Amino acid sequence: MSASREYAELRRTAARYAHRMRNYTAPMHDRALVLFSGGQDSATCLAWALSRYAHVETVGFDYGQRHAVELEVRPRLLAELRQQFPDWHQRLRDDHLVTMRELAQLSDTALTASAEIRMGAKGLPTTFVPGRNLLFFTYAAAIAYRRDIPVLVGGMCETDYSGYPDCRDDTLKALQIALSLGMDQRFVLETPLMWLSKAQTWQLAQDLGGDALVELIRTETHTCYLGDRTTRHAWGLGCGACPACELRGAGWSGWQAARAASARS
Ligand code: ZN
């Protein structure tokens, strides 16, 4: 092929490509399924999803967790979100509750048994449930598959966290590929809190839903591993001493301090 014909061919190919790109529309990702435990992080993720997607469903898991009280706060939170945020009411659709009690049988962990919560041998708290988020996302993807939902949203975070390896960004990116290949359907795993500190997560709630959302999350979400909903703190209810309460409390204090400093300046 002569140089001029080669160049003409190249231009035609480039023109075809440019035309395709001009007519390319991203797949309509307007449906999302949120892993919603009833905790601060997942409630913030739910608000994030409601501000982005037209159709949002939720899924919760009953895995014999010690803090099963979070299963009781879920319906209350959903009802309050519907009532207090009319724009989100239409978007918030079905809630799914999946029972997976076998998780407590499979793993010996302080989150599903009354063992002591402390740092374990591998540098992880004894609350670590091996593979928990892998299972949650896999179950969620199975629900999303049959309901034609391409986006799965989870509140995992590797900034202020307890070191759980299944909360890491790389783990979840690998899982996104595994689920997409394994079900032959493209899934996108969104983790809006991945790189936020706990203080920034409070700020995100403020940005998404103002004081009303912060107040709802502060008073109605549940984080404490021990299931304590009697001891009151500035940041909500909880024992105040378990790793989850410590993270939540430190995040709240950090956020309050940052707000006070910015108000002064
Ligand atoms: Zn606690």
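Our subject is the structure listed above.
Keep in mind that this is a model prediction, so the values were computed, not measured.

Description of helix α3 (residues 69–84)
The α-helix advances 3.6 residues per turn, and as a result positions three or four apart in sequence lie on the same side. Under the 1.5 Å per step criterion, the end-to-end length of α3 is 23 Å for 16 residues, consistent within 8% with the ideal 22 Å. Elements that come into contact with the buried residues of α3 comprise α2 (40–50), β2 (55–62), α4 (86–89), β3 (92–99) and α8 (198–220).

Side note on the nonpolar core
Among the nonpolar cores identified, the biggest contains 52 residues, and Ala32, Val34, Ala49, Ala140 and Leu152 are the most heavily contacted of them. No other element matches α8, which puts eight residues into this core. Setting aside residues up to four positions removed in sequence, Leu152 forms contacts with Leu33, Phe137, Ala140, Ala141, Ala144, Phe187 and Leu189. The next biggest cluster of nonpolar side chains, apart from the first, holds five residues, and it includes Cys224, Tyr225, Ala244 and Cys245.

Structural notes on unusual backbone geometry
Even without a glycine there, the phi angle at Asp148 is positive, about 60 degrees. Checked against the element boundaries, Asp148 lands in the loop between α6 (132–146) and β4 (151–153). For Asp148, a count of 9 C-beta atoms within 10 Å puts it in the exposed group. Look at Asp184: it is not a glycine, yet its phi comes out positive at around 50 degrees.

Quick notes on the rules
- Residues numbered from 1 in each chain as written.
- Predicted model: local features only at pLDDT ≥ 70, side-chain atom pairs only at ≥ 80, totals over all residues.
- Helix = DSSP H or I, 4+ residues; strand = E, 2+ residues; numbered from the N terminus.
- Expected span 1.5 Å × (residues − 1).
- Contact = placed C-beta atoms within 7 Å.
- Core = buried A, V, L, I, M, F, W, Y, C linked by C-beta atoms within 7 Å.
- Buried ≥ 20, exposed ≤ 12 C-beta atoms within 10 Å, placed from the backbone.

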